[in-house]
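Structure assessment
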Amino acid sequence: MDPFSRTTLGQTSVSVTRLGLGTGALAGTRRPVPAQTAETVLRHAHTRGIGLFDTAPLYGHGQAEWRAGKVLRTVPRESFTLATKVGRLLAPYETPGANQDYRDLPRDSGLDARGWVFDFSYDGVMRSVEESLRRLGLDRVDILHVHDPDAHGDAALAGAFKALNRLRSDGTIGAVGAGMNQAEMLVRFAQETDPDCFLLAGRYTLLDQAGLAALLPLCEARGIGIILGGVFNSGIIGNLDNPARATFNYLPAEAHWLEKARRIRAICAEFDVPIQAAALQFPFGHPAIAAVLTGAETTAELDENAANMQRPIPSGLWHALKSANLLHPEAPVPA
């Protein structure tokens, strides 16, 4: 799989590279990342040929958008596709109900320290887009996702999607989407509104194929493109020998997930394939998958991800995983 090859997203004219860069980690959401390091990784990604960048106001309370924009506004606009998100407005920490995640992150943007509040209303979304563009220093984004509206599905349908549909009809954005760590609500959105794409995190991976049951067939039938996040399931795939960092869905991995991941790794080793390479390439067996996002805190991590996408994988590996009941029997696999 060529990580730098391009495909169109769903039925839109929006072009994405098969490998994209998520910017949450570069905002220091896992551990502190110096501003210069983040800028180096972003610039290296663009130079290597990555043309899909994903960010959000939530990541580092604006830090991710600020850092991404600082680099991306210096390169040709047609050379990259940019996605950001709506549903969380940044607000001063003293605002009633403001969440204070990431409060202790070092700031380099000159922005006031801020928490965030949920806001999936039409007006809130319009304000969120304006603020994102200001942080990014750009005049448009290509993809807007409704961000994790798990307990706010009705509000998202009543407000956020109407705002995004308006922006799409005006030509302000190229694609309307939603980003979530679950498949069930995305099925509802596919049925009740008119999305172009979804960002599905962690639910169609080498370890967890929950999205295969209903969401992916529906998206394939309706021409909704899927960008996958969390293909390493938030840490477990790359940290099986480091229990402190072996998280699944952002929490300490339960024993059954650790056992399954270790069994997968053992079979991968029989074929001389790193489990990370299998994790990056497996999803592309499904025709609904347009791209995968990975986070990278260093240029070495980014280069490793690109190399693992290009690594040849024998078809026998996928058959062995299915024979061991480690992959869903109906999951399509790469040719």
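A look at the overall build of the protein chain
A count of helical and extended segments in the protein chain gives ten helices and 14 strands. For the C-alpha atoms alone, the extent of the protein chain along its principal axes is close to 55 × 40 × 40 Å. Residues classed as buried in the protein chain amount to 57% of the 335 residues present. Relative to all contacts within the protein chain whose residues are 6 or more apart in sequence, the contacts with residues 24 or more apart total 74%. Total accessible area computed for the protein chain in this model is approximately 13,600 Å², and 50% of it derives from carbon and sulfur atoms. Put simply, the protein chain has 32 plus and 36 minus side-chain charges, and the middle of one group is 2 Å from the middle of the other.

Observations regarding the side chain of Thr12
Mapped onto the fold, Thr12 is located in the loop between strand E1 (6–8) and strand E2 (15–17). Residue classification places Thr12 among the buried positions, given a relative accessible area of 15%. Polar contacts involving the side chain of Thr12 include one to the main-chain carbonyl oxygen of Leu9, which spans 2.7 Å. At 3.0 Å, the side chain of Thr12 forms a polar contact with the backbone nitrogen of Val14. Look past the residues within four positions of Thr12 in its chain and what remains in contact with it is Gly174, Ala175 and Asp196.

Notes on the nonpolar core
Buried together is how nonpolar side chains tend to be arranged in soluble globular proteins. Membership of the largest hydrophobic core comes to 93 residues, with the highest contact counts inside it found for Leu21, Phe189, Phe198, Leu206 and Ile236. Take this core: its biggest share by element is seven residues, from helix H4 (residues 153–169). Apart from the residues within four sequence positions on either side, Phe198 is in contact with His145, Ala178, Leu186, Phe189, Ala190, Leu215, Cys219, Ile224, Gly225, Ile226 and Ile227. The next biggest cluster of nonpolar side chains, apart from the first, holds 13 residues, and it includes Ile143, Ile227, Ala290 and Ala291.

Some thoughts on the packing of aromatic side chains
Going through the model one piece at a time under the given rule, you end up with seven aromatic pairs. Of the aromatic side chains, those joined through ring pairs into one cluster are Trp116, Phe118 and Phe120. The aromatic ring of Trp66 is capped on one face by Arg73, whose charged end is 6.0 Å from the ring centroid. Its end group placed over the ring of Trp116, Arg88 keeps NZ or CZ at 4.8 Å from the ring centre.

Definitions and cut-offs
- Residues numbered from 1 in each chain as written.
- Predicted model: local features only at pLDDT ≥ 70, side-chain atom pairs only at ≥ 80, totals over all residues.
- Heavy atoms only, no water.
- Helix = DSSP H or I, 4+ residues; strand = E, 2+ residues; numbered from the N terminus.
- Buried < 20%, exposed > 50% of the residue type's maximum accessible area, 1.4 Å probe, protein only.
- Contact = heavy atoms within 4.5 Å.
- Areas by Shrake-Rupley, 256 points an atom, 1.4 Å probe, with all protein chains shown as cover.
- Lys, Arg positive; Asp, Glu negative; His and termini not counted.
- Charge placed at Lys NZ, Arg CZ, Asp CG, Glu CD.
- Polar contact = N/O pair within 3.5 Å; in protein donor to acceptor, adjacent residues only side chain to side chain.
- Core = buried A, V, L, I, M, F, W, Y, C linked by side-chain atoms within 4.5 Å.
- Phe/Tyr/Trp six-rings, centres within 6.5 Å; stacked < 30°, edge-to-face > 60°.
- Lys NZ or Arg CZ within 6 Å of the ring centre and 35° of its normal.

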